[in-house]
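What follows is each chain in one-letter form.
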Amino acid sequence: MQIATKQTDYSDGDAELSGILFWDESQNAKRPGILVVHGGAGLDDHAQNRAKHFAKLGYVAFACDMYGEGIAGNRERIMARIAELRADSERIPQRANAAIAQLRSHPLVDSRIAAVGYCFGGMAVLELARSGAALRGAVSVHGSLDTKRPATRDTIQAKVLVCHGALDPHVPMTHVPAFADEMKNANADWQLLIYGNAMHGFTHQGDSKIPGVAYHAQSDARSWRAIETFFAELFAG
């Protein structure tokens, strides 16, 4: 196995973006593509490492950039950019679709695409699914579940997997029944896994200075296995 990486510049309207592609270049067969959407910090080591692991599973993975140049590393700019993206319900799907276009252009990607996001990225992937994007699957890991634009019936094309921490104060359990009702009313193919001892950001290793955010190794491992199984089901055959 030889995991190749390539930094890729692309754009969404006037926004200049830069993501990183990962794939096993020792194999020539076409394969599904996985869009990886970063957490609130921006395109960091966490998102890149997840994308690399997806490449090791045999996919082409693209760790995308939702913010643009000069945002990551500055909390005030990050919060302003997130508010800007969330102000218009079309903005997040539009930006994610720009990344999907880049992923689809890779010569080893076939027609099958799924997306997985963490924290902010989990929210973004769910918004992408709600928009009716042509995805095989959408995975949200410790992402927000509430939305200003609930899915309408039969709009969601993707199968949906949500991995949620029961102790997450940023996405409280009170949001779970509302999300379940939304998915039911949308006639979506969905599943939600709740990890009993996990808080927000349970896949992010290292100490966090943000209250309610903590790494939880067991839930990280369990959610990774759940995602592997989910993708294997999506792309079987």
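What you see is a predicted model, and the numbers here were worked out from it, not measured in a lab. For every chain, the first residue of its written sequence is number 1, and the numbers climb from 1 along that sequence. Totals for whole chains, interfaces and linings use all residues, but because this is a predicted model, local features are given only for residues with pLDDT of at least 70 and pairs of side-chain atoms are given and counted only at 80 or more. Heavy atoms throughout the structure, all of them, feed into the side-chain values; hydrogens and water do not.

**Details of helix α5 (residues 175-185)**
Each turn of an α-helix holds 3.6 residues, which means side chains three or four residues apart point in the same direction.
For step 1, the next point in the chain: Buried means the residue's accessible area, taken with a 1.4 Å probe over protein chains only, is under 20% of the maximum for its type, while exposed means over 50%, and partly exposed covers the values in between. Helix and strand assignments follow DSSP, with helices taken as H or I runs no shorter than four residues and strands as E runs no shorter than two, numbered in order from the N terminus. When we look at burial in α5, the residues that qualify are Val176, Phe179, Glu182 and Met183. Around the axis of α5, the buried residues are gathered within 120 degrees of arc, so they sit on the same side. Relative to its buried face, α5 has exposed residues pointing more than 90 degrees away, namely Lys184 and Asn185.
For step 2, the next point in the chain: A positive backbone phi angle near 60 degrees is found at Asn187, which sits one or two residues after α5. Picture the helix axis, draw a direction to every C-beta atom, and the arc is the one those directions span.

**What about the packing of aromatic side chains?**
For step 1, the next point in the chain: Stacked, tilted and edge-to-face are the three classes assigned to paired rings of Phe, Tyr and Trp, where Trp is represented by its six-membered ring and a pair needs centres within 6.5 Å; plane angles under 30 degrees give stacked, over 60 edge-to-face, the rest tilted. Applying the stated criterion across every chain yields a total of 10 aromatic pairs.
For step 2, the next point in the chain: Ring geometry for Tyr59 and Phe231: centres 5.9 Å apart, planes at 80 degrees, overall edge-to-face. Of the two residues, Tyr59 is situated in the loop between α1 (45-56) and β4 (60-63) and Phe231 in helix α6 (residues 217-234); the sequence distance between them amounts to 172 residues.
For step 3, the next point in the chain: Given the relative accessible area of 0%, Phe231 is considered buried.
For step 4, the next point in the chain: Through a chain of ring-to-ring contacts, three or more aromatic side chains come together here, namely Phe54, Tyr59, Trp224, Phe230, Phe231 and Phe235.

**Things to note about the pairing of strand β5 (residues 109-118)**
Put simply, side chains in a regular strand alternate between the two faces of the sheet.
For step 1, the next point in the chain: Of all the 10 residues making up β5, nine are buried; the element is thus mostly covered by neighbouring parts of the structure.
For step 2, the next point in the chain: Two strands pair under a simple rule: DSSP has to find at least two bridges between them. Where strand β3 (residues 31-37) meets β5, six bridges bridge the pair, whose relative direction is parallel. Across the sheet, residue Gly33 finds its bridge partner in β5, namely Ile113.
For step 3, the next point in the chain: Both β5 and strand β6 (residues 137-141) contribute to a ladder of five bridges, which runs parallel. The residue bridging Val116 from the neighbouring strand is Val139, located in β6.

Keep in mind that these numbers describe shape and distance, not what the molecule does.
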